[in-house]
Amino acid sequence: MGLQLSPTSPAGKWLGFVTAVWVQAISGNNYTFSNYSDALKAIMNLTQLQLNILSVAKDVGKAFGLLAGIASDRLPTPLILLIGSVEGFIGYGVQWLVVSGTIQPLPYWVMCIFLCIGGNSTTWMNTAILVTCIRNFRKNRGPVSGILKGYVGLSAAIFTDFCVALFSDSSSSFLLMLAVVPLLVCLTAIFFLREVPPPSTSGEEKEEVRYLGVFNFVAVVVAVYLLAFDVSGTHGHVFSLVFAITLLILLASPLLIPLYVAVSKSLSNSDTERQVTTPLLAMAEETAPEEVENSCTETVVVEVERRRPVIGEDHTIYEALRTVVFWILFVSFLCGCGTGLTVMNNMGQMGLALGYSDVSIFVSLLSIGGFFGRIFSGWASEYSIEKTATPRPLWNAASQIIMAAGFIVMALAVPGSLYIGSIVVGMCYGVRLAVTVPIASELFGLKYYGLIYNVLILNLPLGSFLFSGLLAGILYDAQATSTAGGGDTCVGAHCYRLVYVLMAVACIIGCALDVLLAIKTKSVYSQISASKKSKK
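Predicted model, so just to flag it, every value in this text is computed and none were measured.

Caption draft 1: Structural context of the packing of helix H9 (residues 202-231) against helix H15 (residues 360-388). One can describe the packing of H9 onto H15 by two numbers: an axis separation of 10 Å at closest approach and a directional angle of 160 degrees. The orientation of H9 relative to H15 falls into the category roughly antiparallel. When the axes of H9 and H15 are compared, the crossing they make is left-handed. Contacts from Val209, Leu212, Gly213, Asn216, Ala219, Val220, Ala223, Val224, Leu226, Leu227 and Asp230 of H9 reach H15 at Ile361, Ser364, Leu365, Ile368, Phe371, Phe372, Ile375 and Trp379. Here the residues of the contact of H9 with H15 are counted per class, giving 15 nonpolar, 3 polar and 1 charged.

In structure tokens form, the structure reads like this:
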């Protein structure tokens, strides 16, 4: 009586989700720029504007995520993961060579290219994970998005705390981790993550919700554990080593779920022949209706010109771009993510401006705040849809207002304002990312979801360029004084005050757009809510 752990078996599905969680836990390396930006600035003698353009180059890599979106409908998940992991190894590996002094600093434009390559690597990883898991767990898109995006939020804290614990916060060691660890994790996920049929019975759906709750609990434990390490001050070598080992055990603990599923299925199916044939029959039952549906669709296309889909149905990218709803979602996403990225990219200099020589605690707070925002909003938005038909975009609207308040607190520069601002901005940024993922699939369908999602995240490099590269870079340099090496520096609350105020205004605009989107899509969420209630 062997255990069934093939990628298409019930246990294999959960094993694939475990590896998906691991990939997301290491794919937030774009959010760690502040950890090594000062090292790059010193080695290359950069001004703040030049440094910010480097960070924009990192985010511009996401613009080429369109390639990953197109590939998601044509290439298997393992190949998409392999492309992303190799890109990350090259992009961050070259940065490590420069920061570690292994090679001489490369020309500025060459460094921009390698930062772009490193930034693009995460789009391949995220596309592979999100498209596959949203399709595998289509009945629980909110919770799945919250868990996956939550681990992306924790990624910066995981990398930062590991580096602090093992390498005393060394910038070169940190970059080496960013190059090597994602490659190893993605190579593991390649063997287990596959697209599988969704649950076909109510019992399987309830089981799915129960297991996702366990993943959620483990994620919260990991987040609290990281937060405790961050706020407990400096630690000795032995303590730090114990911390790192325990963190690895926590990250590996979800493996108990596929093991439990495999054992329970093995015990309940004593007939070996039935174990082999049932999945094949299930696959046949899943594919047959799909073939009929496709043939019917083709007939309709031949006999009648294809009508324009309404919101809530499958859209091609061209059809989505022709809707007002898409552009409202796009611009509101720009307001929330562009401002959030500005804080993440400039946290090193924001901390120095207020007298903090070590900003790793703020990077971790941003990361952990982002995690709780993603986890909470994923489950809460799903619950509110089912119970009260609350449009999911209203969660984005609420996060925008709270983020605006966080920026005002940071502008006031009262004692502890950077701690408060880091948590608030991280949390609201996390809500925005986690909630927008299922919104896109609910409004424009799953058929072309990979490409539509990657078009939406074009506003990450755009927002980074507008808010971080131009707004923050220019206003900071206007307040800064030149240094002997050709760079510049600014110390004081005035350095970023106007930047915070203008970003608060952008968040208020984003909130208004989200409210408008909620009004325009209310009927869609009423239908989703009615569908959930009728199935129960």
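Caption draft 2: Representation of the packing of helix H2 (residues 33-44) against helix H3 (residues 48-60). Close contact between H2 and H3 brings their axes to 10 Å; oriented N to C, the two are set at 130 degrees. Taken together, H2 and H3 sit at an angle that is classed as oblique. As for how H2 packs across H3, the hand of that crossing is right-handed. Facing Phe33, Ser37, Leu40, Lys41 and Met44 of H2, the residues of H3 in contact are Gln48, Leu51, Leu54, Ser55 and Lys58. Grouping the constituent residues of the contact of H2 with H3 by class yields 5 nonpolar, 3 polar and 2 charged.

Caption draft 3: Main features of helix H18 (residues 449-456). Across the 8 residues of H18, 8 count as buried, placing the element largely inside the fold. For H18, the set of buried residues is Tyr449, Gly450, Leu451, Ile452, Tyr453, Asn454, Val455 and Leu456.

Caption draft 4: Expanded view of H3. The end-to-end C-alpha distance of H3 is 18 Å, a good match for the 18 Å that 13 residues give at a rise of 1.5 Å each. Among the residues of H3, those classed as buried are Gln48, Leu51, Asn52, Leu54, Ser55, Val56, Ala57, Lys58 and Asp59. If you follow the buried residues of H3, they end up packed against H2, helix H6 (108-136), helix H14 (324-353), helix H19 (459-479) and strand E2 (488-489).

Caption draft 5: Broad picture of the state of the cysteines. What the rule picks out here adds up to 1 disulfide. The partner cysteine of cysteine 490 in its disulfide is cysteine 495, sulfur to sulfur 2.0 Å. What sets the handedness of the cysteine 490 and cysteine 495 disulfide is the S-S torsion sign, and at about -90 degrees it is left-handed. For cysteine 495, a relative accessible area of 2% translates into the label buried. Counting only cysteine sulfurs, cysteine 335 is the nearest neighbor of cysteine 337, a cysteine outside any disulfide, at a range of 9.9 Å. Of the residues examined, cysteine 337 reaches a relative accessible area of 0% and is grouped as buried. With no disulfide partner, cysteine 507 has as its closest neighbouring cysteine sulfur the one in cysteine 335, 7.5 Å distant.

Caption draft 6: Broad picture of the domain arrangement of the protein. With domains assigned, the protein is organised as domain 1 (1-261) and domain 2 (310-529). Relative placement of domain 1 and domain 2: their C-alpha centres are 20 Å apart. With 66 residues of domain 1 at the interface, the matching set in domain 2 holds 58 residues. Between domain 1 and domain 2, roughly 4900 Å² of surface is buried when both sides are summed, and carbon and sulfur atoms account for 63% of that area. For the interface between domain 1 and domain 2, the tally reads 0 salt bridges. For the pair domain 1 and domain 2, the interface holds 16 residue pairs in polar contact (both at pLDDT 80 or more). Elements with a minimum of two residues in the side of domain 1 that touches domain 2: H2, H3, helix H4 (65-71), H6, helix H7 (141-167) and H9. If you tally residues by element for the side of domain 1 that touches domain 2, the top one is H7, at 17 residues. Looking at the side of domain 1 that touches domain 2 residue by residue, the class counts come to 29 nonpolar, 23 polar and 14 charged.

Thresholds, definitions, all that
- Residues numbered from 1 in each chain as written.
- Predicted model: local features only at pLDDT ≥ 70, side-chain atom pairs only at ≥ 80, totals over all residues.
- Heavy atoms only, no water.
- Axes fitted to C-alpha atoms, helices over the stretch in contact; angles between N-to-C directions.
- Helix = DSSP H or I, 4+ residues; strand = E, 2+ residues; numbered from the N terminus.
- Parallel < 35°, antiparallel > 145°, perpendicular 65-115°, else oblique.
- Left-handed = near helix turned anticlockwise from the far one by under 90°.
- Contact = heavy atoms within 4.5 Å.
- Nonpolar A, V, L, I, M, F, W, Y, C, P; charged D, E, K, R; others polar.
- Buried < 20%, exposed > 50% of the residue type's maximum accessible area, 1.4 Å probe, protein only.
- Expected span 1.5 Å × (residues − 1).
- Disulfide = S-S within 2.5 Å.
- Domains from an automatic or database assignment.
- Buried area = accessible area lost by both parts, 1.4 Å probe.
- Salt bridge = Lys/Arg side-chain N within 4 Å of Asp/Glu carboxyl O.
- Polar contact = N/O pair within 3.5 Å; in protein donor to acceptor, adjacent residues only side chain to side chain.

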